[in-house]
Structure formats: structure tokens, C-alpha cells
Amino acid sequence: MRPVLRGAWPQKNGQDIQFKEYSEARAELIRRLGEYCSYCEMHLDSSLAVEHVKPKKPSGSSTVDQTRDLNWNNFLLACVNCNSAKGNTDVKINDYFWADRDNTFLVFQYSEGGRILPASHLNEELMKKAKATIELAGLDKQPLNDSSASDRRWENRREAWDIAVDSKADLAQNDTPQMRRQIVRSVRGYWSTWMTVFKDDPDMLQRLIRAFPGTCESCFDAGNGYLPIPRPEEQV
């Protein structure tokens, strides 16, 4: 999951915008974070919804929680599959990792075949938290011999991995600034997959970090090969 900076509540004429519908926040979220799901990192030109981190109508509740429904600080972006998997689970924020609060790239690992797992360096408590996050958004789901399955997130990650590997091989044969720019321009989502494939190339990591709107640059150590580091507390 790409760590992002959602930023302060949008303003107009010096005043916080009061949303009448949560969908009104979509344009500003996209402007700041790009057209990417905050969970699976899929790129979507449409069908990208404003997602409530804490559900506006928790499971078992008969009414909408007004403190959540129109709260900018409770918004992220999500694709249909991640939004559906998360559903109305009334989450406890500290039981999960969140793209807008943590360096989520530090706690998950991506690998060949479209797999996403908790990072191996995590202690038992953080491992449990990472697993819970993956399960919450259904990021571990894989299609079972069904080519018509609507949930293609795993398949899309697998394809992105293969393209990234091929691109890295092409770069080895023709390592020019132009080729590097072209590779970054070709990336359509699945940022963490590309970051993993190019993990030993600091220049490409910097380019990928800066190419995606809203990526938390301070979650990476520019003086040490852009290795992921804990998110600065002032940004949590």
C-alpha cells in the first residue's frame, strides 16, 4: 500500500468546505492522491469511490454517523472490490495499518505472482496487524479458475510485476534518462509492485515516489537509497 498525504481539510475563501454529500470530496481527493485505490493501488479513470475509513453506517447501526459521513479526515479512495471487501466493518484504527497514517510500504511485501504478505521483519504484534489489514480489504483474494471473476486485483498485480520485470531488463540494455522517464510514464497503478522490482535502483525509486501524487516522500530515506522508514509522527 502506497503511503500518502491526504492533507488538510480543503478550504474555500479561508473556510473549511462543508460537504453536503461525501461524494463531493472525490475531485479533491483525486487531485491530491491521483486516480488510485488507496488499498490495492489499482488505477481507475472512473468507478473510484470516496471511501470511509471508519464506516459512515457501522454494521448493526440503523443510522448514519454524522461525525464520519462528511469528515474529510475519514476519507480515502477505493475501488469497488476493496470498498466491498471492507464493507461496514466498524474498525478500530489502531488494529490496522492505513495509507494516510503509516508507512504502509514498510509493513507489506510484494512478490512474483501478485502476492502481498506482511513484511518478514515485523514482530508478532505488527505481523498480526498487517495480516488484519490485508484481510480487511481482501488483498489476499485470488480468482479460482474463473476467468469471468470481477475481482482481478491479484491478477492485475501479477501482470504489473511481469511488466515491471521486463521494464527493468529493458533498462539494463538501454540505460538512458529518456528510458527511465518512459518507464515511469508507463506505470499505471500498483506502485508498490514497481517499487519492489526496482528496489536496488535509487534513481528509479525517487522517480516513482515523485510520479504518484500525494506519496509521502518523508517515508523514504533519500540519503540511504530511498529505503522505507517509519512515518514521521507529525504526519500521523
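Rules used in this analysis
Residues numbered from 1 in each chain as written. Predicted model: local features only at pLDDT ≥ 70, side-chain atom pairs only at ≥ 80, totals over all residues. Heavy atoms only, no water. Phe/Tyr/Trp six-rings, centres within 6.5 Å; stacked < 30°, edge-to-face > 60°. Buried < 20%, exposed > 50% of the residue type's maximum accessible area, 1.4 Å probe, protein only. Lys NZ or Arg CZ within 6 Å of the ring centre and 35° of its normal. Salt bridge = Lys/Arg side-chain N within 4 Å of Asp/Glu carboxyl O. Helix = DSSP H or I, 4+ residues; strand = E, 2+ residues; numbered from the N terminus. Contact = heavy atoms within 4.5 Å.

Trainee: Quick question: what am I supposed to make of the packing of aromatic side chains here?
Mentor: For any pair of aromatic rings, the description rests on two quantities: the centre-to-centre distance and the angle between the ring planes. Scanning all chains against the criterion turns up 11 aromatic pairs. On the numbers, 6.5 Å between centres and 80° between planes, the contact of Trp72 with Phe75 is edge-to-face. For the pair Trp72 and Phe75, a shared accessibility class is recorded, and that class is buried. One aromatic cluster in this structure is built from Trp9, Phe19, Trp72 and Phe75. A cation sits over an aromatic face here: Lys129 above Phe97, 4.7 Å from the ring centre.

Trainee: Sorry if this is basic, but what is going on with the pattern of salt bridges here?
Mentor: If the charged atoms of two oppositely charged side chains come close together, the side chains can form a pair. The tally for this structure, following the rule as stated, stands at 15 salt bridges. As a salt-bridge pair, Glu159 and Arg152 come within 3.5 Å of each other at their nearest N and O atoms. Accessibility expressed as a relative area gives 32% for Glu159, which makes it partly exposed. What makes Arg152 partly exposed here is its relative accessible area of 35%. Arg180 serves as the salt-bridge partner of Asp175, at 2.8 Å between the closest nitrogen and oxygen. The exposure class of Arg180 is buried, given its relative accessible area of 11%. Three or more residues are tied together by salt bridges with common partners; here these are Asp175, Arg180, Asp201, Asp203 and Arg207.

Trainee: Got a minute to help me understand the environment of Tyr36 in this structure?
Mentor: Residue placement: Tyr36 occurs in the loop between helix H1 (26–33) and strand E3 (49–52). Every residue in contact with Tyr36, bar those within four places of it in the chain, is listed here: Arg2, Glu41, Met42, His43, Leu48, Leu77, Gly189, Phe212 and Pro213.

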